[in-house]
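Tertiary structure, described
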Amino acid sequence: MAQNPIDMIVADHRTVERLFAEYQHAAAAERRSIAERLFGALEAHARMEEQVFYPAVADQKERAATDRVAEAQREHGDIKLMIAELRNRAPGAAFDERMANLKEAVEHHVKEEETELLPYAAERLSGHENAIAREMERVKMSIAHADERGIA
Ligand SMILES: [Fe+2]
Ligand SMILES: [Fe+2]
């Protein structure tokens, strides 16, 4: 399946945004399971970027590339901490408030990727898109299979 890494990333971003909207409009009893789906989607996306896409971009050995990737990785770290915190919390007003903070952090990160990192990468990775997309797909599938076996 020939895919473009940029399109794959943007599609994931839209999925995550949809899940945040779903969360906001859901009844209280449904929120926890939507939040769990959202965390899973964010983690799978982050792993795909960290294992394949970011290294491919940082491999350019240019200061601008490594700086952008380092910044993105820092933001992933913050987002992961927020998710870990949320997983230890009971649903309720404080949970909702933290979900709103998570949404803000994710929106900021997505905006930076889509306005800076992705346009930069699109230019630099030209000609390697298929190989990178295949690797990204492979990581995604391995996470999905690990989830099915309950070992993620
Ligand atoms: Fe992303
Ligand atoms: Fe990211």
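Residues numbered from 1 in each chain as written. Chains lettered and ligands numbered in written order. Predicted model: local features only at pLDDT ≥ 70, side-chain atom pairs only at ≥ 80, totals over all residues. Heavy atoms only, no water.

**Focus: the confidence of the model for the protein chain**
Of all residues in the protein chain, 96% attain a pLDDT of 70 or more, and the chain-wide mean is 92. Of all secondary-structure elements in the protein chain, the lowest mean pLDDT belongs to helix 5 (residues 129-148), at 89, while helix 1 (residues 5-25) reaches the highest, 97. (pLDDT = per-residue confidence, 0-100. Helix = DSSP H or I, 4+ residues; strand = E, 2+ residues; numbered from the N terminus.)

**Overview of the coordination of the iron ion (ligand 2)**
For the iron ion (ligand 2), the protein coordination sphere consists of E49 (OE), Y54 (OH), H76 (NE2), H109 (NE2) and E113 (OE), at 2.0 to 2.4 Å. In primary sequence terms, the donor set of the iron ion (ligand 2) follows E-x4-Y-x21-H-x32-H-x3-E. A distance of 3.2 Å spans the gap from the iron ion (ligand 2) to the iron ion (ligand 1), which E49 bridges by coordinating each metal. Taken together, the residues Y54 in helix 2 (residues 28-58) and H109 in helix 4 (residues 93-124) connect sequence positions 55 residues apart. Both residues of the pair, Y54 and H109, count as buried. (Donors = N, O, S within 2.8 Å, 3.2 Å for Na, K, Ca; no water. Buried < 20%, exposed > 50% of the residue type's maximum accessible area, 1.4 Å probe, protein only.)

**A short note on the coordination of the iron ion (ligand 1)**
Protein-derived coordination of the iron ion (ligand 1) comes from H13 (NE2), H45 (NE2), E49 (OE) and E113 (OE), at a distance range of 2.1 to 2.2 Å. Coordination at the iron ion (ligand 1) is irregular, judged from the 4 donor atoms that bind it and the angles of 79 to 162° they form at the metal. Summarised as a motif, the one-chain spacing of the donors to the iron ion (ligand 1) is H-x31-H-x3-E-x63-E. (Tetrahedral: all angles 85-135°; square planar, octahedral: opposite > 155°, others 65-115°.)

**Looking at helix 1**
In this model, helix 1 (21 residues) spans 31 Å end to end at C-alpha, consistent with the 30 Å of a helix rising 1.5 Å per residue. When we look at burial in helix 1, the residues that qualify are P5, I6, M8, I9, D12, H13, V16, L19, F20 and Y23. Seen end-on, helix 1 carries its buried residues on one side only, within an arc spanning 165°. Within helix 1, the exposed residues directed more than 90 degrees away from the buried face are R18 and H25. Buried residues along helix 1 sit in contact with helix 2, helix 4 and helix 5. (Expected span 1.5 Å × (residues − 1). Arc of directions from axis to C-beta. Contact = heavy atoms within 4.5 Å.)

**A look at the packing of aromatic side chains**
Per the counting criterion, the structure on display carries 1 aromatic pair. For the ring pair Y23 and F95, a centre distance of 6.5 Å and an interplane angle of 40° mean the geometry is tilted. Remark: F95 occurs in helix 4 and Y23 occurs in helix 1; sequence separation between them is 72 residues. Its guanidinium or amino end placed over the ring of Y120, R68 lies 4.7 Å from that ring's centre, counting from NZ or CZ. (Phe/Tyr/Trp six-rings, centres within 6.5 Å; stacked < 30°, edge-to-face > 60°. Lys NZ or Arg CZ within 6 Å of the ring centre and 35° of its normal.)

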